[in-house]
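Here is what each chain is made of, one letter per residue.
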Amino acid sequence: MNDVILRPFRPDDAPWLVERHQSLYAQDEGFDDTFGPLVAGILDDFIAAHDSTREQGWIAEEDGERLGSIFCVSAGGDTAKLRLFLLDPKARGKGLGKRLLATCMAFARDKGYRDMVLWTHESHAAACALYAAAGWRVTESKPVKSFGVELVEQTWRIDL
């Protein structure tokens, strides 16, 4: 993972991101085919209207192969929102997730955000452990049925 670069998201990354989210979440979590369109909508909105002075997406790439992503977007006022954090299975457990998270949080701090929020599911144990280790805390947790499965939806927050 020493040769992995973090580069800015480009619109031509969107089909890959949608496909990887849909495939990996279907495989790992049993999500139905409503998840991909949600990701596509998030990306469409980002491409069409993001504020490039305060919002950024990154793609982790090694030798031209995409391995992961993370986005920092405005949640309004001084709050940033972490979105679309994804690591390909072959890139997991090598410190790349920690690097992506640190990059996203540093960007938010540098842009003047005072805190960050994110939305995830309790079943994402590795990601939740990473958030907790970085100082994030769960502010809300509730059972839901989303994407065709029973989940525990969580909101996390950190002061920057």
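Above: the structure in question.
Residues numbered from 1 in each chain as written. Predicted model: local features only at pLDDT ≥ 70, side-chain atom pairs only at ≥ 80, totals over all residues. Heavy atoms only, no water.

Some points on the sheet that holds strand β2 (residues 56-62)
- On the basis of which strands lie adjacent, the open sheet formed by 7 strands has the order β1-β2-β3-β4-β5-β7-β6 and mixed pairing. Two strands lie at the open edges of the sheet, namely β1 (5-8) and β6 (137-146), each paired on one side alone. Here the average twist between neighbouring strands, direction ignored, is 25°.
- For strand β3 (residues 65-76) and strand β4 (residues 79-87), the ladder comprises 7 bridges, and the chain directions are antiparallel. What sits directly across from Gly68, in β4, is Leu87. (Pairing = 2+ DSSP bridges. Helix = DSSP H or I, 4+ residues; strand = E, 2+ residues; numbered from the N terminus. Axes fitted to C-alpha atoms, helices over the stretch in contact; angles between N-to-C directions.)

Description of the pattern of salt bridges
- Summed over the entire model, instances satisfying the criterion amount to 13 salt bridges.
- For Lys142, the salt bridge identified is with Glu153, shortest N-O distance 3.8 Å. Taken as a pair, Lys142 in strand β6 and Glu153 in strand β7 (residues 149-159) lie far apart in primary sequence, 11 residues in all.
- Sharing partners across several salt bridges, the network here consists of Arg7, Asp13, Glu61 and Arg66. (Salt bridge = Lys/Arg side-chain N within 4 Å of Asp/Glu carboxyl O.)

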